[in-house]
Amino acid sequence: MRIMGLDFGSKTVGVAISDPLLLTAQGITIIRRKEENKLRQTLAQIEEMIQEYEVSEIVLGDPKNMNATVGVRSELSAEFKEKLERRTGLKVTLWDERLTTVAADKAMMEAGIRREHRKDHVDKIAATFILQGYLDYLAMQRKEEI
């Protein structure tokens, strides 16, 4: 059992996968979307990874505004969530992703990745941060149950 983390954007979808023990998140890939409104190929690629990694749940970044209100990007993510649930039959949890892209960019700066190469990795790293935040939340929930 693994959990998949997704950072859904207009041109890309960052993908991360948990380890089987649900402790750590690893960035896997970035799906490049040809057109913003065309999701068939994106969903097919996600389905392939669900099978390959034996995913049982998905956590999808919810890009709320900084004041916690729902904007256009957040609405698009909610629509994508519904499509994912219908297509895969898996539970999809929306997870607050505010500042994950900023954190991903900062982590790459600290790692010495040049500015022109950061855009090639930012969505995968943001997906990793989204998933890791969710995994940490699940771990806290388990700890409180004990």
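A. View of the side chain of Asp123. Here Asp123 is to be found in helix H5 (residues 122-145). Once residues within four sequence positions are removed from consideration, Asp123 is found in contact with Asp7, Thr12, Gly14 and Ile30.

B. Just the nonpolar core, in detail. In this structure, Met4, Leu6, Ile46, Ile58, Phe80 and Leu84 are the most contacted members of the largest nonpolar core, which totals 19 residues. Those elements that place two or more of their residues in this core are strand E1 (2-8), strand E2 (12-18), helix H1 (40-53), strand E4 (55-62) and helix H2 (72-88). Sort the elements by how many residues they give to this core and H1 lands first, with four residues. One finds Ala16, Ala25, Ile130 and Tyr134 within the second-largest nonpolar core, a separate group that totals eleven residues.

C. Geometry of the layout of surface pockets. Estimated volume of the largest pocket: approximately 200 Å³. In this structure, the largest pocket is lined by Ile31, Arg32, Arg33, Lys34, Glu35, Lys38, Leu39, Arg40, Gln41, Thr42 and Gln45. When residues of the lining of the largest pocket are traced back to their parent elements, those giving at least two are strand E3 (25-32) and H1. Counting residues per element, the lining of the largest pocket draws most heavily on H1, at four residues. For the lining of the largest pocket, the class distribution of residues is two nonpolar, three polar and six charged.

D. Region of interest: the pairing of E2. With seven of seven residues buried, E2 is to be regarded as a mostly interior element. Pairing of E1 with E2 involves five bridges; the strand directions are antiparallel. Residue pairing for E2: Leu6 is matched across the bridge by Val15. As judged from the seven bridges shared by E2 and E3, these two strands associate in the antiparallel manner. Pairing of Val15 across the sheet is with Thr29, part of E3. Taken together, E2 and the strand that follows it, E3, pair antiparallel across an intervening segment of six residues, in which Leu22 is found at a positive phi of about 60°.

E. Geometry of unusual backbone geometry. A positive phi angle is found at Leu22, which is not glycine, with a value near 60°. Its place among the elements puts Leu22 in the loop between E2 and E3. Judged by its relative accessible area of 9%, Leu22 falls in the buried class.

F. Representation of the sheet that holds E3. Taken in spatial order, the five strands of this open sheet run E3-E2-E1-E4-E5, and their pairing is mixed. Of all the strands in the sheet, just E3 and strand E5 (91-96) have a single pairing partner and so form its edges. Shown here is a sheet whose adjacent strand axes are inclined to one another by a mean of 25°, direction ignored. Across six bridges, E4 lies against E5 in parallel orientation. Each residue of the ladder has a partner; that of Gly61, found in E5, is Trp95. Each of E1, E4 and E5 touches H2; the most contacted strand, E4, lies at about 170° to it. Contacts from H5 reach E1, E2, E3, E4 and E5, with the element oriented near 135° to E1.

Criteria and cut-off values
- Residues numbered from 1 in each chain as written.
- Predicted model: local features only at pLDDT ≥ 70, side-chain atom pairs only at ≥ 80, totals over all residues.
- Heavy atoms only, no water.
- Helix = DSSP H or I, 4+ residues; strand = E, 2+ residues; numbered from the N terminus.
- Contact = heavy atoms within 4.5 Å.
- Core = buried A, V, L, I, M, F, W, Y, C linked by side-chain atoms within 4.5 Å.
- Buried < 20%, exposed > 50% of the residue type's maximum accessible area, 1.4 Å probe, protein only.
- 1 Å grid on protein atoms, 1.4 Å probe; cavity = no way out; pocket = protein on both sides within 12 Å on 5 of 7 lines; lining within 4 Å.
- Points joined across faces, edges and corners; volume = space filled by probe spheres on them.
- Nonpolar A, V, L, I, M, F, W, Y, C, P; charged D, E, K, R; others polar.
- Pairing = 2+ DSSP bridges.
- Axes fitted to C-alpha atoms, helices over the stretch in contact; angles between N-to-C directions.

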